[in-house]
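# Descriptive structure summary
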Amino acid sequence: MAVGPATLPDNFCPVAGVRLGVASAGIKKPGRKDVVLIELSRGSRVAGIFTTNQFCAAPVHVARKHLSEGEPRYLLINTGNANAGTGARGMQDANACCEALARAAGVRADAVLPFSTGVIGEPLPVGKITAALPDAIANLAPDNWTAAANGIMTTDTRPKGASRRLEIDGRTVTISGISKGAGMIRPNMATMLGFIATDAAIGQNVLQKLGSELGEKSFNRITIDGDTSTNDACMLIATGEAEVGAATVESEHYPALRQALEEVYLELAHAIVRDGEGATKFITIEVTGAAGQREALDVAYTVAHSPLVKTALFASDPNWGRILAAVGRAGVESLDLEAIEIYLGDVCLVRNGGRADDYTEERGQAVMNREDITIRIDLKRGRIEETVWTCDFSHDYVTINAEYRS
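This structure is a prediction, so every number in the text was calculated from the model and none was measured.

### Description of the overall build of the protein
Broken down by element type, the protein carries 11 helices and 17 strands. Whereas a compact globule of 406 residues would reach a radius of gyration of roughly 22 Å, the protein reaches 22 Å, a difference of no more than 12%. Seen through its C-alpha atoms, the protein measures out along the principal axes to roughly 70 × 55 × 40 Å. The burial tally for the protein puts 57% of its 406 residues in the buried class. Counting only carbon and sulfur atoms, one obtains 48% of the accessible surface of the protein, whose full area is about 16200 Å². On the protein, the mean spot of the 40 positive side-chain charges and the mean spot of the 50 negative ones are 4 Å from each other.

### Points about the packing of helix 1 (residues 58-69) against helix 2 (residues 87-105)
For the pair helix 1 and helix 2, interaxial distance at closest approach is 8 Å and the crossing angle is 50 degrees. Judged by the inter-axis angle, helix 1 sits oblique to helix 2. Like other packed secondary-structure pairs, helix 1 and helix 2 cross with a definite hand, here right-handed. Contacts between helix 1 and helix 2 pair Ala58, Pro59, His61, Val62 and His66 from the former with Gly90, Met91, Ala94, Asn95 and Cys98 from the latter. Among the residues forming the contact of helix 1 with helix 2, the class breakdown is six nonpolar, four polar and no charged.

### As for the nonpolar core
Counting residues in hydrophobic clusters, the biggest one holds 41 residues, and the most contacted among them are Ile196 and Phe219. Residue contributions to this core peak at 10 residues, all from helix 6 (residues 254-274). Counting residues in hydrophobic clusters, the runner-up holds 37 residues, among them Val299, Val327, Val332 and Ile340.

### Observations concerning the sheet that holds strand 7 (residues 171-180)
Overall, mixed pairing links the five strands, which are arranged 3-10-8-7-6 in an open sheet. The strands lining the two open edges of the sheet, one partner per strand, are strand 3 (45-50) and strand 6 (160-168). Strand after strand, the sheet turns through a mean of 10 degrees between neighbouring axes, direction not considered. Inspection of the sheet shows strand 7 paired to strand 8 (residues 193-198) by six bridges, in the antiparallel sense. Note on strand 8: the bridge partner recorded for Ser179 is Gly194. Helix 5 (residues 204-216) contacts strand 3 and strand 10 (233-238) of the sheet and is inclined by roughly 30 degrees relative to strand 3. Its contacts with the sheet put helix 6 on strand 6, strand 7, strand 8 and strand 10, and the angle it makes with strand 6 is roughly 170 degrees.

### As for the state of the cysteines
Under the defined criterion, the tally for this structure stands at zero disulfides. Here Cys391 is not cross-linked by a disulfide; its sulfur's nearest cysteine counterpart is in Cys234, at 19 Å. Relative accessible area serves as the criterion here: at 0%, Cys391 is assigned to the buried category.

### Side note on the packing of aromatic side chains
One pass over the full model with this rule turns up three aromatic pairs. If you follow Arg274 out to its NZ or CZ, it ends over the ring of Phe282, 4.0 Å from the centre. The ring of Phe393 is capped by Lys310, whose NZ or CZ atom sits 4.8 Å from the centre of that ring.

### Some details on helix 7 (residues 293-305)
Taking 1.5 Å of rise per residue, 13 residues should cover 18 Å, and helix 7 covers 18 Å from first to last C-alpha, within 8% of that figure. Regarding helix 7, the residues found buried are Glu295, Ala296, Leu297, Val299, Ala300, Tyr301, Thr302, Val303 and Ala304. Those residues of helix 7 that are buried lie in contact with strand 12 (282-290), helix 8 (307-314), helix 9 (320-328), strand 16 (372-378) and strand 17 (384-391).

### Regarding the packing of helix 2 against helix 3 (residues 126-138)
At a closest axis distance of 10 Å, the pairing of helix 2 and helix 3 adopts a crossing angle of 25 degrees. Classified by the angle their axes make, helix 2 and helix 3 are roughly parallel. Handedness of the helix 2/helix 3 crossing: right-handed. On the side of helix 2, the interface is formed by Asp93, Ala96, Cys97, Ala100, Leu101 and Ala104, while helix 3 contributes Val126, Ile129, Thr130, Leu133 and Ile137. Looking at the contact of helix 2 with helix 3 residue by residue, the classes come out as nine nonpolar, one polar and one charged.

### Observations concerning the pattern of salt bridges
Under the definition given, this model contains 22 salt bridges. The salt bridge involving Glu386 is made with Arg221; its shortest N-O contact spans 3.0 Å. Here Glu386, found in strand 17, pairs with Arg221, found in the loop between helix 5 and strand 10; they are 165 residues apart in sequence, far enough to count as distant. Like Glu386, the residue Arg221 is buried in the burial classification. Close ionic contact of Arg294 with Asp298 constitutes a salt bridge, the shortest N to O distance being 3.1 Å. Residue Arg294 and its partner Asp298 are both found in helix 7; the two are separated by four residues, about one turn of the helix. Classification of Arg294 as partly exposed rests on a relative accessible area of 49%. One salt-bridge network, in which partners are shared between bridges, spans Glu341, Arg351, Asp358, Asp378 and Lys380.

Conventions used here
- Residues numbered from 1 in each chain as written.
- Predicted model: local features only at pLDDT ≥ 70, side-chain atom pairs only at ≥ 80, totals over all residues.
- Heavy atoms only, no water.
- Helix = DSSP H or I, 4+ residues; strand = E, 2+ residues; numbered from the N terminus.
- Rg over C-alpha atoms; globule rule 2.2 N^0.38 Å.
- Buried < 20%, exposed > 50% of the residue type's maximum accessible area, 1.4 Å probe, protein only.
- Areas by Shrake-Rupley, 256 points an atom, 1.4 Å probe, with all protein chains shown as cover.
- Lys, Arg positive; Asp, Glu negative; His and termini not counted.
- Charge placed at Lys NZ, Arg CZ, Asp CG, Glu CD.
- Axes fitted to C-alpha atoms, helices over the stretch in contact; angles between N-to-C directions.
- Parallel < 35°, antiparallel > 145°, perpendicular 65-115°, else oblique.
- Left-handed = near helix turned anticlockwise from the far one by under 90°.
- Contact = heavy atoms within 4.5 Å.
- Nonpolar A, V, L, I, M, F, W, Y, C, P; charged D, E, K, R; others polar.
- Core = buried A, V, L, I, M, F, W, Y, C linked by side-chain atoms within 4.5 Å.
- Pairing = 2+ DSSP bridges.
- Disulfide = S-S within 2.5 Å.
- Phe/Tyr/Trp six-rings, centres within 6.5 Å; stacked < 30°, edge-to-face > 60°.
- Lys NZ or Arg CZ within 6 Å of the ring centre and 35° of its normal.
- Expected span 1.5 Å × (residues − 1).
- Salt bridge = Lys/Arg side-chain N within 4 Å of Asp/Glu carboxyl O.

This is the structure in structure tokens:
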């Protein structure tokens, strides 16, 4: 079950300097393509953001270390096993996979960045993964983005990808990316992974700035269940093969490049919410008129994480009192309750401290019957605005997570 049309591009644009390969290791299900390899041309730059969960998985530790020490040439992704909560053995296993790929590809071990997603607390089946590496290498191709998008899925019901092209100084610059995630989603850099690549030439400092800022406003603004995974990671890659781009933020083409990247980040982040476990509705929560960013996000996330709000959304029940209650318990000090306005779509629910005079159940019901719904909360305290995206809670969410390890 997913909300809205599929988000995978009809024609993924290959990125010069990037090849992708998939293989089957049989980690959780026999025959499933569960190992994905992303090969980068020499000189490629990579910037990353990772989960803030203190129980972060072994591959997160290793990827961070290798990213800071080496020149990344390969990203190695496996599904079916998170290699999290596995202690010293998990670190050894993550490093063993990097070393095996390094030997096969003729690179240093710190040129490999590992990523894992799946069940927490079980030893990584290193033998299965390393045995699949020759097939993944043989499968490397620049047009394998769709296969890779499928290969990184876990409880996802459909692959997620986005592509853009723009002209810079008469040259075509390409951006393509894939993401995965459907549950345990509240990234703080859910079980989410994102990989975005461009052939633009981007300076390392600019690349890290873009990766951090764009990730903050996209993947760090989505939530399905409020759970931050042990394995979240989002990588931004620039191969430089197009030979044009942005060496600094003052570069002439930086705004256009940033906008195109932002579109890809948002499309991939929204695709995760639309494919949330059991989701039937895509919810945008806009908080305006806040005095600061923290209070805007506190209000947005309190509404987004409320089980009562989320179940009312699933039932298409315009029970606006649940939204009102969530706003009131968000921890914002000295709220002027008479000033706050709450909207469901374009229908005002709350004004002057209570139900809006012109609100009718029929108007509220018309909005709740939609698949895409916007909840807007105007705090009337300042000029700060923040947006968070979430989904409803359905019966299927409970079923999927009750049977996750079966």
